[in-house]
Amino acid sequence: MRRALDLAQRAAGRTRPNPIVGAVVVRDGEVVGEGFHAAAGAPHAETEALKAAGDRARGSTVYVTLEPCAHHGRTPPCVDALIRTGVSEVVYSLKDPNPRVKGGGHKRLEEAGVRVRAGLASAEAFRANQSFFKWATTGRPLVSAKFAMSLDGKIATASGDSRWISNDSSRRRGHELRNRHDAVLVGSGTVLADDPRLTTRLDGQEVSHPVRVVADSRGRVPVTARVFQPDLPGRAVLATTETAASNRFEALADRGVEVWSLPAGENGRIDLGALLDRIGRQDLLSVLVEGGGTLLGGLFDSDLIDRIHTFVAPMIIGGRGAPVAVGGVGVSRISEALRLHEVWTETVDGDVWIRGEAREIPQTHLAITANARRETECSQALSKS
């Protein structure tokens, strides 16, 4: 199963709205076929693995990271291929939350006389497809916060200079994160201060460019910002409030920028829950939030962050007026502070990359099923894949 999980990761960030899935065919203790789902509409992992195995698949055991599908989408049901090939056993990690599957694949295989085991490496499989599971059950993307800061928690000097706090190697890791996410989100302050492009820049490999979303409640970002350049790869979106001035919207549309008019919260800024709902309706399963402090603070205050990636540089910036990584209201007591789970650290040429989960995996997620509120909507989206 470990090999199947590794294979699935080859398509991370490229299968939406489908999950990433890997499969391995084993016969007489020997791996005879491997496969993974490369993109929506492409053959599923089981089909690819069975094709690679050929006649040796008969009587084999197939290890797959997700319950085989039993419905017609863009491709035929995987259970049909498994049954037709004559495999003896199927071992999978997690039930598929797709309401069109929901144990149907498991049942079909057993009815055909195939031995079925579930639950192997379920925690690892859940983490690998956490964005898919969240989207399929809530309609919202998995939200990862990413920021670089000094040892004293600053993301820029008091004068606004922020280039560069992290080193070249850490910035490359940041682009690798973009390469694995469906969308990247920043606030208007970040665009005004840094004028980023928000594209993926990795040398020597094919990359995926996330949808670029700018949260701009008051309409401060100019049409000429680099993030809105029409010659950049991928889509650009301006998310604003229903009360913001619309005199720039036509000019943005001429540059190919989508404008999302969203309700405002009590503070007059974009309702962040509504923003995540809108991102989810675009079949975007994961979003990387790259700041600034106001946007991140609002997301943390609202408990909307799922995962954190922090790059800490060995420097002290100081300055009472220097911006910090996370603003917002914050907590009043240390006991209320968010403490990360499954913390992982890596030294990156002197910087320290800290990654963690905002919450533990509920045991119910390891036998996950889609909730009733999302069944119809997700079924329609997933049936197209």
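What this report covers is the structure whose coordinates are included nearby. (Residues numbered from 1 in each chain as written. Predicted model: local features only at pLDDT ≥ 70, side-chain atom pairs only at ≥ 80, totals over all residues. Heavy atoms only, no water.)

A word on the nonpolar core
Piece 1. Grouped together as the largest cluster of nonpolar side chains are 31 residues, with contacts concentrated most on Val25, Leu50, Val62, Leu82, Val87, Val90 and Leu109.
Piece 2. Of all the elements in the fold, those that place two or more residues in this core are strand 1 (22-27), helix 2 (45-53), strand 3 (61-66), helix 3 (78-85), strand 4 (89-94), helix 5 (122-128) and helix 6 (130-138).
Piece 3. Counting 30 residues, the second-largest nonpolar core is a separate cluster that includes Ala145, Ala239, Leu284 and Ala325. (Core = buried A, V, L, I, M, F, W, Y, C linked by side-chain atoms within 4.5 Å. Buried < 20%, exposed > 50% of the residue type's maximum accessible area, 1.4 Å probe, protein only. Helix = DSSP H or I, 4+ residues; strand = E, 2+ residues; numbered from the N terminus.)

Some thoughts on the packing of helix 3 against helix 4 (residues 104-111)
Piece 1. It is the contact of helix 3 with helix 4, at a shortest axis distance of 10 Å, that shows an interaxial angle of 20 degrees. The angle between helix 3 and helix 4 places the two elements in the roughly parallel class. Where helix 3 crosses over helix 4, the handedness of that crossing is right-handed. On helix 4, the residues that touch Val79, Asp80, Leu82 and Ile83 of helix 3 are Gly105, Arg108 and Leu109. (Axes fitted to C-alpha atoms, helices over the stretch in contact; angles between N-to-C directions. Parallel < 35°, antiparallel > 145°, perpendicular 65-115°, else oblique. Left-handed = near helix turned anticlockwise from the far one by under 90°. Contact = heavy atoms within 4.5 Å.)

Considerations on the layout of surface pockets
Piece 1. Space inside the second largest pocket adds up to approximately 980 Å³.
Piece 2. Gln9, Arg127, Ala128, Arg180 and Arg307 are the residues nearest the centre of the second largest pocket, which is lined by 42 residues in total.
Piece 3. Every element with two or more residues in the lining of the second largest pocket is listed here: helix 1 (2-8), helix 5, helix 6, strand 6 (142-150), helix 7 (168-179), strand 12 (307-313), strand 13 (341-348) and strand 14 (351-357).
Piece 4. The element contributing the most residues to the lining of the second largest pocket is helix 7, with 4 residues. (1 Å grid on protein atoms, 1.4 Å probe; cavity = no way out; pocket = protein on both sides within 12 Å on 5 of 7 lines; lining within 4 Å. Points joined across faces, edges and corners; volume = space filled by probe spheres on them.)

Observations regarding helix 3
Piece 1. Those residues of helix 3 not exposed but buried are Cys78, Val79, Ala81 and Leu82. Angularly, the buried residues of helix 3 cover 160 degrees about the axis, an arc narrow enough to put them on a single face.
Piece 2. Where helix 3 terminates, the next one or two residues include Gly86, which has phi positive at roughly 85 degrees. (Arc of directions from axis to C-beta.)

What about the packing of helix 2 against helix 3?
Piece 1. Where helix 2 contacts helix 3, the axes come no closer than 9 Å and their chain directions differ by 25 degrees. For the element pair helix 2 / helix 3, the angle class is roughly parallel. Crossing of helix 2 over helix 3 shows left-handed handedness. Across from Glu46, Thr47 and Leu50 in helix 2, the residues of helix 3 making contact are Cys78, Ala81, Leu82 and Thr85.

Brief notes about the sheet that holds strand 5 (residues 115-118)
Piece 1. Overall, mixed pairing links the 5 strands, which are arranged 2-1-3-4-5 in an open sheet. At either end of the open sheet lies a strand with only one pairing partner, and these are strand 2 (30-36) and strand 5. Within the sheet, the average angular offset between the axes of one strand and its neighbour, ignoring direction, is 15 degrees.
Piece 2. Here strand 4 pairs with strand 5 via 4 bridges, running parallel. Pairing of Val91 across the sheet is with Arg117, part of strand 5. (Pairing = 2+ DSSP bridges.)

Remarks on the packing of aromatic side chains
Piece 1. For the structure shown, the criterion picks out 4 aromatic pairs.
Piece 2. Between Trp344 and Trp353 the ring centres are 5.0 Å apart and the planes differ by 85 degrees, which places this aromatic pair in the edge-to-face class.
Piece 3. The buried category is assigned to Trp353, whose relative accessible area is 8%.
Piece 4. Here a set of aromatic residues connected by ring pairs shows up, and it is made of Phe126, Phe132 and Phe133. (Phe/Tyr/Trp six-rings, centres within 6.5 Å; stacked < 30°, edge-to-face > 60°.)

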